[in-house]
Amino acid sequence: MVKKIVNMLRYRKQFISLLVGVPSYETYVEHMKEHYPHEPIKSRKVFFCEVQEERYNAKGGKVSRCC
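From a predicted model like this one, the values you see are computed outputs, not experimental measurements. (Residues numbered from 1 in each chain as written. Predicted model: local features only at pLDDT ≥ 70, side-chain atom pairs only at ≥ 80, totals over all residues. Heavy atoms only, no water.)

Engineer: Just checking my understanding: could you explain a nonpolar patch on the surface for this structure?
Structural biologist: Together, Met1, Ile5 and Leu9 make up an exposed nonpolar region whose accessible area comes to about 340 Å². Structurally, the position occupied by Leu9 is in helix H1 (residues 2-20). (Patch = residues over 30% accessible without salt bridge, like charges linked within 9 Å, V, L, I, M, F, W, Y side chains within 5 Å. Areas by Shrake-Rupley, 256 points an atom, 1.4 Å probe, with all protein chains shown as cover. Salt bridge = Lys/Arg side-chain N within 4 Å of Asp/Glu carboxyl O. Helix = DSSP H or I, 4+ residues; strand = E, 2+ residues; numbered from the N terminus.)

Structure (structure tokens):
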């Protein structure tokens, strides 16, 4: 029962992150280790700041929205 709850919470966090457009840091780390093992891995804070900068300043500061 506890394992089921832990899995639910993990998927809930992933769902909410994807819903608001925040890529997963864990996925980034896995990708870097697999494809670029000699490259340094950014800290969570640097990763998040760069993702936010890319998302909100990609079009000269204009927010890109779906609606």
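Engineer: Whenever I open this one, the packing of aromatic side chains confuses me. Can you help?
Structural biologist: The description of two aromatic rings rests on the distance between their centres and on the angle between their planes. In this structure the tally under the stated criterion is three aromatic pairs. Summarising the aromatic geometry, the rings of Tyr25 and Phe47 are spaced 5.5 Å apart at their centres and angled 65° between planes, so their arrangement reads as edge-to-face. In this pair, Tyr25 sits in helix H2 (residues 25-35) while Phe47 sits in helix H3 (residues 44-57), placing the two residues 22 residues apart along the sequence. Take Tyr25: its relative accessible area is 15%, and that puts it in the buried class. Phe47 sits in the buried class, given a relative accessible area of 11%. For the ring pair Tyr28 and Phe47, a centre distance of 4.8 Å and an interplane angle of 25° mean the geometry is stacked. One end of the pair, Tyr28, is in helix H2; the other, Phe47, is in helix H3, and 19 residues separate them in sequence. (Phe/Tyr/Trp six-rings, centres within 6.5 Å; stacked < 30°, edge-to-face > 60°. Buried < 20%, exposed > 50% of the residue type's maximum accessible area, 1.4 Å probe, protein only.)

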